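# Topology and contacts: notes
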Amino acid sequence: MKITDLRDHLCQVYPDLCPLFSIEFGDGVLAVPCGNLFDAASDLRDLGFDRLGMVTAVDQAEEFELVYRLQSRSMLAGIFLKCSVPRENPRVKSLVDLWPAALWQEREVFDLFGIVFDGHPDLRRIMLPEDWEGHPLRKDYRDERMIRRPDYI
Amino acid sequence: MGLDVESRRVVEVEEGGTVEELVVNVGPSHPSTHGVCRVIAHLDSEIVTKAEPVIGHLHRGIEKMAENRTYLQVVPLTDRLDYVGSMYANWAYCRAVERLASIRVPDRAEYLRVIVCEMQRIASHMMAIGSAGADSGAVTQFVYAFDQRERIIEHFEELCGARLTYNYVRPGGVSHDLPEGWIESLLAFCESHRKGLDMMDKLFFGNVIARGRMKGVGVLSAEEAVAWGASGPVARGSGVEWDLRKHDPYSVYPRLDFEVPIGSNGDCYDRGRVRLLECYESCSIIEQAIAQLEPGAIMADGVPRLLAPLPGDAYDHIESARGSLGVYLVSDGSPRPYRMKVRSPAFCNLALLPMLAEGHLLSDLVVILGSLDPVFGEVDR
Amino acid sequence: MSGLIWGAIYGLAAGMVISLAAFIGVWGERKIAGRIQLRYGPQELGPFGLLQTGADTLKLLLKEDITPAAVDVRIFRVAPLIVFAPAAMSLAVIPYAYGFAPIDTGVGVLFFVAVPAISVVGVLLAGWSSRNTYATLGGLRAAAQMISYELPRTLSVLPVVLLAGSMRPLDIMDAWQWWWIPLTFIGFIVYFIASLAEINRVPFDLPEAEAELVAGPFADYSGIRWAIFAMAEYGGLVAASLFGAAVFFGGYLGVPGALGVIVFVLKALVIALLMLWVSWTFPRMRPDQLMATAWKVLTPMALIQLVLVGAVISWL
C-alpha cells in the first residue's frame, strides 16, 4: 500500500488521528501525546497493523522520543508511532497487553534509557547486569571507563 | 553449576504439598547455547517448568559506539552484530544511510548486494541446520553443513578478503567488484549445493530419530508468531507468510522470481526445513541475479568520505537469514549518527524461548533454542 | 590360592586386551568418523596416524587428576573402576577358539548379560558423587536406560540358548548350526540395538549427551580417570561385538585351528564397524523415546523371536 493511500485510509477510519500524521523519508509517522499512546497503538492494531516491529527511544535533550515501528501484513505497510516523554520521571503505558513482542523490547528501552513502562509485568534490566548504575544510551551518561572521542573526526 | 543460582528450589504444587525443583544453569558456556546465552531452567525431573534466558553477556554497546563514529566507520561495527551473517547488517545499515542521505545505488551494486546476501543466507542457514544436527547429537550432519558453508566463505574471502566480517556493502555501493572467474565458480557451487541439500534432506530431515526429536516440539502458532514479533524462518515455519523480499520489496528483488517456503506446524522440524528449502530458492535467486548482472559502476557517484546527512530519521529493513533486520538512524546534521538502533530479529525470536520450552524435556530445550537460531552478537548488540 | 593367581593373571590379560582394543579402537573410530565426515582423521603421527592414540594416552596420563572440591572424594575416585571392571569381566566367558574360553562356566551366557549391569552402579555413583546437576541428571538417565535395555538384551540371546540347550558358551559353539543365522536374525537386531544402548553409543548416548548435559557423569573427571571411562566404553564395544559374533554368527566355526580366531575377530570387527557407522550417522534419542523403544519395540520383538524359536524347536 502506498503511503498516501495509508494516510487516506487512516484519516477515513480515525479522523482524530489524521492531523498527527506526517510523512518523513517516505515513511508514515504518527506523533501522539504520550498519554494517548496506548489508545493510538490500539487503534492502529485494529486498523491492521498486527506486528510490533521495533520499540526504541531517542535522547532529545529535554525529552525522550519513544519510537514504535508497526507493520501491517494485510496492508503491506509500515508506520512509526512516536511520542515524547519528559526527561524527569519518564513514564509511559506499556504495550505488552497489545503485543507480547513488547515484553523484551520495552525491557531493553528501560535498561538503556531508564524509561519506565507502566503495566509491564517484568520490567528488569536485560542487557546490563542488575546492579548497573545509569542508563548508557542517554547522552549525559558518564562512566570512567568510557573512551574519549578522538579529535580528528 | 554455580553463579548465583541455587540448584534446588522448593515449590508448592496445586495438588497440595511441595516438590523440589532442580535448577539447571544452562550456559553461558555450554555447547548448545549457540554463543554466550545462559538459560536458567527449572526442572521437574527432566521436564522444564520454567526457562528463563539471561542475555547480555556479549553486549558491547554497539549502538552507543556508533554515536561516536562517522557514518562510514560504523559499517565495520555492523559486521560484529550478526557475525554469522555480516552482509545483512552491512546492507541494512547502508540502506538506512542511503535513505537518510538520498543516495541512489547503481544497478550493478544492487545485484552484487543481492548475490552476496543470498550467499550469506545459505551460509547462515547451513550454520543453523548444522547446529540443529549437533544439538540433537548428529555430529556428521554438522560437518556436512559446514562443508557447504565453507565453500561460500571461500568465495567471500576471494571477493573481499575476509571470512567473517566482510565490511563489503558500503553506503552508496559495494567495496569491490567481482574477481575473475568468481561467477563461474559460484554457479558451479550452486549446482553442487543443490545436491548437498538433497543429501542433507534425506540424511537428517528424513531420519526417523531426527524427526522424532523435532516434530511436535516447541510448537508456535501463527497468531503467537505474529503477536510476538517473530520473523524469518521462525515465523514462516508457523505458516506466517511474511518475507520482506516479497512483502516490502527492496533492491532488485521485484525483478527476481522466487518462492517463499512456508511451514505448517510451527514446530522445530518445520523451522529447520523452511531454512533448508530457502537455500534452494537462494541458489535460484543467485543464478537469476547473475544472469541479469550487467557491467557498470559499483559505487554511486559523489558519495563524500564524510557523510553528513540532513537532520531527520530513517528506518530501513531487509530480510536477513533470521528475519526482519532493521536499522533506525537519527541524524542531527553532523557527520556522526545521533542515534542508531538495530531492530534485531534474533532478539525478538529469542523472546519466544520461555513460552516454547515450557513443558518440554531438557533435551528439547536445546533443540528449541537451536531452532530459533539466535546469534548472540545480534541479540546482545 | 591358585584361583587368586589365575584371577590376577586373567585380570592383567583382560586389562591388556582392552587397552589394546581401546588403542586400536580409538584410532579406528577416528579414522572411520573422519571418512564419514569428509575428512582424514589422524594421519600425522606414525603410519596412518596409528600412534596418535598413544600420544593421546600419554597426554591423559600426564594430565592432572583433578578432584573438584565439592565431590564425595572416595566414591568419586572409585567410580571409574566400578565401570571398568564389568567390561573386563564380561570378556572372560567369550569362547575365543575351539574349546577355549578363559572362564569355562555353565552359566556363561547369563554371566555375560548380567555382569555389565554392574557398571550402571559405577555411572550412577560417578554422577551422584560429582555433586553437579548435569552429572546427577546424567547418572539418573544412565540408570534408567541401562536397566530398561537389560531386559531386551537378555531376551535376545535366549533363543540361541534354547536352540543349543545350554548356557555354557562352549556348548553353544558345539551345537551351533548355520541355519540359526536366519532363524535368530530378529534376535540379533534386538541384541545389536540393546548393546548400543548398553555401551552408551550415539543414538542412545543420553547419559553423556554432550549437547544438553555436557558429558553428564563424566563432566568432572579428567586425566586417567576419564580415560578409564573411555576404555570401559571400548571394552563394552569389544565384548558386545565378540559375543554377538559368537552366539549369532558362529564365532570361530567353519575354519579349523588357530585360523578360527582370525575369522572370529573379523566377524566381530564387522559388528563393531556397524556400531560405529550407526553412531556416526544418527542423531541422539530423547529419554522418553528411548524408554518407548525399549519397552514397546525391542521387548516385544525379542519375545516374538523367542516364541518363533520355541515353535521351531517343538516342531523339530
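Residues numbered from 1 in each chain as written. Chains lettered and ligands numbered in written order. Predicted model: local features only at pLDDT ≥ 70, side-chain atom pairs only at ≥ 80, totals over all residues.

Glancing now at the packing of helix α5 (residues 139-160) of chain B against helix α6 (residues 182-205) of chain B. Residues and elements named next belong to chain B. Across the interface, α5 lies against α6 with an axial gap of 10 Å and an inter-helix angle of 165 degrees. One element, α5, and the other, α6, form an angle in the roughly antiparallel class. Taken as a pair, α5 and α6 cross one another with a handedness that is left-handed. On α6, the residues that touch Q141, Y144, A145, Q148, R151, H155, E158 and L159 of α5 are W182, L186, F189, H193, G196, M200, L203 and F204. Of the residues belonging to the contact of α5 with α6, the class tally is nine nonpolar, five polar and two charged. (Axes fitted to C-alpha atoms, helices over the stretch in contact; angles between N-to-C directions. Helix = DSSP H or I, 4+ residues; strand = E, 2+ residues; numbered from the N terminus. Parallel < 35°, antiparallel > 145°, perpendicular 65-115°, else oblique. Left-handed = near helix turned anticlockwise from the far one by under 90°. Contact = placed C-beta atoms within 7 Å. Nonpolar A, V, L, I, M, F, W, Y, C, P; charged D, E, K, R; others polar.)

The next point concerns the environment of A135 of chain C. All names here are of chain C. Among the secondary structure elements, A135 is positioned in helix α6 (residues 133-164). Sequence separation of A135 and L213 is 78 residues, and the distance between their C-alpha atoms is 7.4 Å. Excluding anything up to four places from it in sequence, A135 contacts G127, S130, G216, P217, A219 and D220.

All names here are of chain C. Relative to the 42 Å expected for 29 residues at 1.5 Å per residue, helix α13 (residues 287-315) spans 41 Å between its end C-alpha atoms, a close match to the ideal helical length. Among the residues of α13, L290, T293, A294, L298, A302, Q305 and V309 are the ones counted as buried. Where α13 is buried, its residues touch α6, α8 (180-183) and α9 (185-198). (Expected span 1.5 Å × (residues − 1). Buried ≥ 20, exposed ≤ 12 C-beta atoms within 10 Å, placed from the backbone.)

Listed per partner, the contact involves 23 residues of chain C and 27 residues of chain B. When contributions to the side of chain C that touches chain B are tallied by element, the ones reaching two or more residues are α6, α10 (210-213) and α13 of chain C. Tallied by class, the residues present in the side of chain C that touches chain B amount to 13 nonpolar, five polar and five charged.

A common measure of how large an interface is: the accessible area buried when the components associate. Counting residues at the interface gives 26 residues for chain A, matched by 33 residues for chain B. Within the residue set of the side of chain A that touches chain B, elements represented by two or more residues are β3 (51-60), β4 (63-72) and α3 (102-113) of chain A. For the side of chain A that touches chain B, the leading source of residues is β3 of chain A, giving six residues. Partitioned by chemical class, the residues of the side of chain A that touches chain B number 17 nonpolar, two polar and seven charged.

Moving on: the sheet that holds strand β8 (residues 323-331) of chain B. Residue and element names in this part refer to chain B. Taken in spatial order, the three strands line up as β7-β8-β9 in an open sheet, and their pairing is antiparallel. Edge positions in the sheet fall to β7 (312-320) and β9 (339-343), since each has one partner strand and no second. Ignoring which end each strand starts from, the neighbouring axes of this sheet average 10 degrees apart. Pairing between β7 and β8: nine bridges, direction antiparallel. When the sheet's bridge partners are listed, D313 is paired in β8 with V330. Packed on one face of the sheet, helix α3 (residues 86-101) meets β7 and β8 and runs near 150 degrees to β7. (Pairing = 2+ DSSP bridges.)

The next point concerns the environment of F347 of chain B. On the secondary structure map, F347 of chain B appears in helix α12 (residues 345-350). The spacing of F347 of chain B and P374 of chain B is 27 residues in sequence and 7.4 Å in space, taken between C-alpha atoms. Leaving out residues up to four positions away in the same chain, F347 of chain B has contacts with W104 of chain A together with E378 and V379 of chain B.

Right, let's talk about the confidence of the model for chain A for a bit. Across chain A, the average pLDDT comes to 82, with 95% of residues at 70 or higher. Across chain A, the secondary-structure element scoring lowest on mean pLDDT is strand β1 (residues 21-24) of chain A, at 74, and the one scoring highest is α3 of chain A, at 89. (pLDDT = per-residue confidence, 0-100.)

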